[in-house]
Amino acid sequence: MREYTLFVKEATKEPNIYRMEEILNQLTGVERVLVDTNDGEVKIEYDEKLLSEDTIVMTLIENNFTILP
């Protein structure tokens, strides 16, 4: 199990968070998604044998989420 942390611009408001969690939880290999609404920090626990960080990022971008540097 691996943990990946990134910051998502839209991850500070409930409707966006619910949508993002739903999208991420549909990916094979995602175990848990934790969101800090104060700064948009998103921690994703996933199985690195089934999923890559690139796939996580691309999935969010394809669903109109903005990844912050």
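Up top you'll find the structure we're talking about.
Residues numbered from 1 in each chain as written. Predicted model: local features only at pLDDT ≥ 70, side-chain atom pairs only at ≥ 80, totals over all residues. Heavy atoms only, no water.

K.L.:
Please clarify how the pairing of strand 2 (residues 30-36) should be interpreted in this entry.
P.N.:
Residues in a regular strand point their side chains to alternate faces of the sheet. Pairing geometry for strand 2 and strand 3 (residues 41-46), over six bridges, is antiparallel. The partner of Asp36 across the bridge, within strand 3, is Glu41. Taking the residues between adjacent antiparallel strands as the criterion, strand 2 and strand 3 are bridged by four residues, where Gly40 takes a positive phi near 80°. (Pairing = 2+ DSSP bridges. Helix = DSSP H or I, 4+ residues; strand = E, 2+ residues; numbered from the N terminus.)

K.L.:
Which parts of the structure should I look at to understand the pattern of salt bridges?
P.N.:
Oppositely charged side chains may form a pair once their charged atoms are brought near each other. Here the structure, examined in full by the defined rule, presents one salt bridge. We note a salt bridge from Glu45 to Arg32, for which the minimum N-O separation is 3.2 Å. You can see Glu45 sitting in strand 3 and its partner Arg32 sitting in strand 2, a full 13 residues away along the chain. A relative accessible area of 42% places Arg32 in the partly exposed class. (Salt bridge = Lys/Arg side-chain N within 4 Å of Asp/Glu carboxyl O. Buried < 20%, exposed > 50% of the residue type's maximum accessible area, 1.4 Å probe, protein only.)

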